[in-house]
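What follows is each chain in one-letter form.
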Number of protein chains: 2
Amino acid sequence: MEKQFNKLLYSLCEKGRLKVLNKIERKGINYFNEFSRDFIPEIDRFINDFFSEKIKISPYSFMADMYKDLNEYCARDGKRIRPLLLLISYLGYKKGRKNLNEIIKLGAVIEMMHSFLLIQDDIIDRSVLRRGGKALHILCREKFSHLTGNKNIGSDTALILADVLFANSLEIIGNAEINLKVKNEFLKIFASTYEMTAWGQVLDVLHSLPKDINLKENISLRISSLKTAHYTIYYPMMMGYVLSGKGDKWEQKLIKDFSLPLGMAFQIKDDILGTFGKKENTGKPGDSDIIEGKMTLLITSALENLNESDRDKLIQLFSQSKKSKSSVKLIRAMIEKSGAFESTIREHNALIKRSVRMLEKLDISGDYKMILNNIIDSIKEINL
Amino acid sequence: MEKQFNKLLYSLCEKGRLKVLNKIERKGINYFNEFSRDFIPEIDRFINDFFSEKIKISPYSFMADMYKDLNEYCARDGKRIRPLLLLISYLGYKKGRKNLNEIIKLGAVIEMMHSFLLIQDDIIDRSVLRRGGKALHILCREKFSHLTGNKNIGSDTALILADVLFANSLEIIGNAEINLKVKNEFLKIFASTYEMTAWGQVLDVLHSLPKDINLKENISLRISSLKTAHYTIYYPMMMGYVLSGKGDKWEQKLIKDFSLPLGMAFQIKDDILGTFGKKENTGKPGDSDIIEGKMTLLITSALENLNESDRDKLIQLFSQSKKSKSSVKLIRAMIEKSGAFESTIREHNALIKRSVRMLEKLDISGDYKMILNNIIDSIKEINL
């Protein structure tokens, strides 16, 4: 059944007429998983082809070598949530003939730009691992430190290689064979995406390891909104929408009203896993947010609800630039004691409900509504 | 006379019909200086207006504050050579009605992208000053280090603010009201510009403070070609050319043959000033290249021409990550002794001659040829 579904979907995609989902049996299928299984290989194939060509035409061997590293980095396993949302939104809104091959390229661009940001993020956070491999600045340090007396050669080269990715991204956009008016609208959304994400990142950096905590502005929600809800859900949905050739202001508002709660829920889930998750279930250490001193909703809620002496204690523990295991344990216990764990879970549920309600209102085709519904389900579920 | 010239030029520019230069007296005028005096304020005005608007519409006060810093940084005094070349090339190639206001915006974009690269460059080189002010990472460190325990807060925030500039640049491109086919060609050149510049920057970083020197590949010329000749002269000329609506392959080859020698001469002049210049004449310290361990043509030529024992001594001196005043003096003396100073000056002259010869062949209007000729003259002159 599933195989048949995939083949049919795929063959019709190829022909540029994707109107299958209505016509076939649906029960028990997770449409988002199906969609991912069909399209992640397409996105990755384009990324690999793009870099293969770059490697082939590199005039110097050092360029070819570095393009191999960029290729390996960009093609590492990942959820590809942003390009998939772009494609879902495009296909769900696009009436008539699809131009799927070109849209897949633009999805790949979003993934390459994600690598651009991850490289910078790892330099900033001094992280050593990324997506099951070495962070790029670590890789570069190992490769190039024998060449120069520059002690920062790893982060210096990684930073510049990130710029290569943004130039590559613009090259792909320039070469994409789509309507130029639509491309121009896409470029505007693209610009907003990286502006707003940068602002979210600035806020995040300024409020990590804080020396003073000001609870008047709800900083954790603002960071989540810019860094995650806008970046991961809203802008990819908007990109797909404008690529479908549409430009209705009301629908754009509805997309925002759907995307932002879902994106906030996505971030809150990530916060909960990054504070209370077990590595064996989540694949990432369950104390990373505490150690990095990230201002998550768990922390801000705890600070709001604790009495003054407990609050001061939490601030003192949380602001340490190096934290012992017992400090981490104590911070977790204080979050639970304050009721912040429960209130954060409640907030997460409320956001999920809001996105379900808003999804109904979207003027996107029913098939793609079901795929989005499956995405909501996956964000709803929290396995610590 | 000059004032009349400027007024006439300007009023005709405003009307979108710039065909003045032929019609007025020319003797004794440096057309490039005139052109700069007319257009630098236009470029800067757009930059200031752009940021004023950003400051006005910032939803959060932290954004408005940071936009003020970016505005101050981007508007600092500079030669604006890249946007001016873009404008010269556009006006020199464009027949018929000009769309000067929109092209000035794209010139401003090139200047903002230059700031993007300068911010990163200063982070990489740990420079503290830039264009008569503090490097952005120093400014950010002073402003934000009271907020967080993060010791790298200066470079972390500056790095992200650079990304804001590239997003801003794409926003301006997206909003520019020019023919969309022309804009798409511009976007492709734009992408190549920052790809090739990044590769030049990678090479530069990898070969600074070298542990081992391989003279087989002439690395200093390769770095100059990518980092300066392509970035500063060739790509701005090409941007102006495609913005004029033209796409002749032969003319593009001629632009390259003109631009690259001129750009190489520009870099060699900079190398000579950065090694032998006096600060009171040049405004920058005359030992910076030696201290940073930059692989300039002066160094590679010296290494080629010295006997083995002198070469080993030069390599040993040059590779020190900290150099004493007497080391710097000794390195300079060895460059002179090897004959590299003279041969580099000869190379500079030859490149200048080549660019003069190639300028004749360009199909650009005579007025703008004269402006370009004045640019060649300014690069020709070396005052130590």
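Scroll up to find the structure.
This structure is a prediction, so every number in the text was calculated from the model and none was measured.

Another aspect to go through is the overall build of chain A. Each helix and strand in chain A was counted, giving 17 helices and two strands. For a compact globule of 384 residues, the expected C-alpha radius of gyration is about 21 Å, and chain A comes in at 22 Å, within 12% of that figure. With respect to the principal axes defined by its C-alpha atoms, chain A has extents near 65 × 55 × 40 Å. Nonlocal contacts in chain A, meaning residues at least 24 apart in sequence, comprise 72% of its contacts between residues at least 6 apart. Entry remark: accessible area of chain A is about 16200 Å², with carbon and sulfur atoms responsible for 50%. With 60 positive and 49 negative side-chain charges, chain A shows a separation of 2 Å between the mean positions of the two kinds.

Our focus in this paragraph is the interface of chain B and chain A. At the junction of the two partners, chain B supplies 61 residues and chain A supplies 61 residues. For the pair chain B and chain A, the two sides together bury roughly 5400 Å², of which 73% comes from carbon and sulfur. Of all residues in chain B, B:I160, B:W199 and B:L206 bury the most surface against chain A, accounting for 13% of the area lost on that side. Counting the contacts that link chain B with chain A gives four salt bridges. With a closest N to O distance of 3.4 Å, A:R126 and B:D156 form a salt bridge. Our count for the contact surface shared by chain B and chain A stands at 22 residue pairs in polar contact (both at pLDDT 80 or more). For the side of chain B that touches chain A, the secondary structure elements donating two or more residues are α3 (61-74), α5 (100-125), α7 (153-175), α8 (180-206) and α9 (219-243) of chain B. For the side of chain B that touches chain A, the leading source of residues is α8(B), giving 18 residues. Partitioning the side of chain B that touches chain A into residue classes produces 35 nonpolar, 14 polar and 12 charged.

So, on to empty space enclosed by the protein. Within this structure, the stated rule accounts for two cavities of 30 Å³ or more. In this structure, the largest cavity occupies an estimated 70 Å³ of space. Among the secondary structure elements, those contributing two or more residues to the lining of the largest cavity are α8 (180-206) of chain A together with α8 of chain B.

Here we come to the side chain of A:S224. Residue and element names in this part refer to chain A. Along the chain, S224 falls in helix α9 (residues 219-243). You can call S224 buried: its relative accessible area is 8%. With residues near it in sequence (within four places) discarded, S224 still touches A229, M264 and Q267.

This part is about the pattern of salt bridges. Residues and elements named next belong to chain A. Scanning all chains against the criterion turns up 44 salt bridges over all chains. Across the salt bridge formed by D65 and K68, the nearest N and O atoms sit 4.0 Å from each other. Residue D65 and its partner K68 are both found in helix α3 (residues 61-74); the two are separated by three residues, about one turn of the helix. Under the relative-accessibility criterion, K68 is labelled partly exposed at 45%. Between K253 and D257 there is a salt bridge, and its shortest N-O distance comes to 2.5 Å. On the criterion of helical spacing, the pair formed by K253 and D257 is a turn pair, its members being four residues apart in helix α10 (residues 249-276). Among the ionic contacts, a cluster of salt bridges with common partners joins D44, R80, E111 and R131.

Inspection of the secondary structure puts B:T148 in the loop between α6 (136-144) and α7. B:T148 sits in the buried class, given a relative accessible area of 2%. Looking at B:T148, its side chain comes within polar contact range of the main-chain oxygen of A:S208, at 2.9 Å. Discounting chain neighbours no more than four positions away, the residues touching B:T148 are A:L206, A:S208, A:L209, A:P210, A:K211 and B:I153.

Attention now goes to the relation of the copies chain B and chain A. Relative to chain A, chain B is turned by 180° and slid 0.0 Å along the rotation axis, the superposed coordinates differing by an RMSD of 0.0 Å. This pairing of chains is accounted for by a two-fold axis. Using C-alpha coordinates, one finds that chain B approaches the rotation axis most closely at B:L180, a distance of 3.1 Å. Here 100% of the contact residues of chain B are again contact residues in chain A; the copies associate through an equivalent surface.

Our focus in this paragraph is unusual backbone geometry. Of note, A:R131 is a non-glycine position whose phi angle comes to about 50°, a positive value. If you trace the backbone, A:R131 turns up in the loop between β1 (129-130) and β2 (133-134). In the Ramachandran plot, B:R80 falls in the positive-phi region, its phi being about 55° despite a non-glycine side chain. Within the secondary structure layout, B:R80 lies in the loop between α3 and α4 (81-93).

What follows concerns the packing of helix α2 (residues 31-57) of chain A against helix α17 (residues 366-380) of chain A. All names here are of chain A. Axis separation between α2 and α17 bottoms out at 7 Å; the angle between their running directions is 100°. Here α17 runs roughly perpendicular to α2, going by the angle between their axes. Residue-level contacts link Y31, F32 and F35 of α2 to Y368, M370, I371, N374 and I375 of α17. Each residue belonging to the contact of α2 with α17 can be placed in one class, and the counts come to seven nonpolar, one polar and no charged.

What follows is about the nonpolar core. Side chains that are nonpolar tend, in soluble globular proteins, to be buried together. Ranked by size, the top nonpolar core spans 258 residues in total, and within it A:F186, A:F190, A:W199, B:F186, B:F190 and B:W199 carry the most contacts. Discounting residues that sit within four places of it in the chain, B:F186 has contacts with B:L86, B:L106, B:I110, B:I173, B:M239, B:V242 and B:L243.

Below, the discussion takes up helix α16 (residues 340-361) of chain B. All names here are of chain B. The terminal C-alpha atoms of α16 lie 32 Å apart, and with 22 residues this matches the ideal 32 Å at 1.5 Å per residue to within 8%. What α16 keeps buried is the set A340, F341, T344, H348, L351, I352, S355, M358 and L359. Buried residues along α16 cover an arc of 130° about the axis, so they all sit on one side. Facing away from the buried side of α16 by more than 90 degrees, the exposed set consists of R346, K353, R357, E360 and K361.

Rules used in this analysis
- Residues numbered from 1 in each chain as written.
- Chains lettered and ligands numbered in written order.
- Predicted model: local features only at pLDDT ≥ 70, side-chain atom pairs only at ≥ 80, totals over all residues.
- Heavy atoms only, no water.
- Helix = DSSP H or I, 4+ residues; strand = E, 2+ residues; numbered from the N terminus.
- Rg over C-alpha atoms; globule rule 2.2 N^0.38 Å.
- Contact = heavy atoms within 4.5 Å.
- Areas by Shrake-Rupley, 256 points an atom, 1.4 Å probe, with all protein chains shown as cover.
- Lys, Arg positive; Asp, Glu negative; His and termini not counted.
- Charge placed at Lys NZ, Arg CZ, Asp CG, Glu CD.
- Buried area = accessible area lost by both parts, 1.4 Å probe.
- Salt bridge = Lys/Arg side-chain N within 4 Å of Asp/Glu carboxyl O.
- Polar contact = N/O pair within 3.5 Å; in protein donor to acceptor, adjacent residues only side chain to side chain.
- Nonpolar A, V, L, I, M, F, W, Y, C, P; charged D, E, K, R; others polar.
- 1 Å grid on protein atoms, 1.4 Å probe; cavity = no way out; pocket = protein on both sides within 12 Å on 5 of 7 lines; lining within 4 Å.
- Points joined across faces, edges and corners; volume = space filled by probe spheres on them.
- Buried < 20%, exposed > 50% of the residue type's maximum accessible area, 1.4 Å probe, protein only.
- Least-squares fit on C-alpha atoms with pLDDT ≥ 70 in both.
- Axes fitted to C-alpha atoms, helices over the stretch in contact; angles between N-to-C directions.
- Parallel < 35°, antiparallel > 145°, perpendicular 65-115°, else oblique.
- Core = buried A, V, L, I, M, F, W, Y, C linked by side-chain atoms within 4.5 Å.
- Expected span 1.5 Å × (residues − 1).
- Arc of directions from axis to C-beta.

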